[in-house]
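Coordinates in review
Listed below are the residues making up each chain.
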Amino acid sequence: MSSPTLKPPCYGLEHLKREFDELLQRLVTAHHAEASAAFLVPSVESLIEGDTLVIRADLPGVDLDKVEISVKGDVLTIRGSRERQGEARAHDFIHREVMYGYFERDLMLPGPVDPKRIETSYRDGVLCLKMPAPKESIVRRVPVSVGNP
């Protein structure tokens, strides 16, 4: 007479564990997709050239008709969207990092600027804004004298 096969106490839980792992993976993947969409923010750089404040924003593949620039006090806002081009049907992407959708970027300026005096240009996917620098932000060199105080 053979003895009955003993099953471990968690034998029936393996299926439940597999389902839980698959659910967790789907949640993490969905969260990652949402987080990636949240990072659709243009990279910017700003600098003072003489008495001009220059701001450059990377907007590759963005239709300028979809871009809006506004200023309120000392905050400049760049908003717009990048849309898929000609993708009427689903593709089997091998790798994809390009983000599409709505973006908005607020930049603190070194002081208030007159929106009417902002000049814009766009070249090679880079939006360039030039405006008179607020007087507080213009760097003035202070000479250092050598000798006894």
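Read on for a plain summary of the structure. (Residues numbered from 1 in each chain as written. Predicted model: local features only at pLDDT ≥ 70, side-chain atom pairs only at ≥ 80, totals over all residues. Heavy atoms only, no water.)

Right, let's talk about the environment of valine 67 for a bit. In this fold, valine 67 is placed in the loop between β2 (52–58) and β3 (68–72). We classify valine 67 as buried; its relative accessible area is 18%. The spatial distance from the C-alpha of valine 67 to the C-alpha of glutamate 104 is 9.6 Å, given a sequence separation of 37 residues. With residues near it in sequence (within four places) discarded, valine 67 still touches Leu59, Val62, Ile78, Arg79, Gly80 and Leu127. (Helix = DSSP H or I, 4+ residues; strand = E, 2+ residues; numbered from the N terminus. Buried < 20%, exposed > 50% of the residue type's maximum accessible area, 1.4 Å probe, protein only. Contact = heavy atoms within 4.5 Å.)

Attention now moves to the environment of glutamine 85. Mapped onto the elements, glutamine 85 comes out in the loop between β4 (75–82) and β5 (101–108). Note on glutamine 85: relative accessible area 63%, which makes it exposed. In the structure, glutamine 85 is positioned 24 residues away from glycine 61 in sequence and 9.0 Å away in space, judged by C-alpha atoms.

This part takes up the pattern of salt bridges. On inspection of all chains with the given rule, the structure shows 5 salt bridges. A salt bridge links arginine 79 to glutamate 68; the shortest N-O distance between them is 2.7 Å. Of this pair, arginine 79 sits in strand β4 while glutamate 68 sits in strand β3, and the two are 11 residues apart along the sequence. Take glutamate 68: its relative accessible area is 42%, and that puts it in the partly exposed class. The salt bridge partner of arginine 79 is glutamate 104, with a shortest N-O separation of 3.4 Å. With a gap of 25 residues between them, arginine 79 in strand β4 and glutamate 104 in strand β5 connect regions that are remote in the sequence. A relative accessible area of 35% means that glutamate 104 is categorised as partly exposed. Sharing partners across several salt bridges, the network here consists of Glu68, Arg79 and Glu104. (Salt bridge = Lys/Arg side-chain N within 4 Å of Asp/Glu carboxyl O.)

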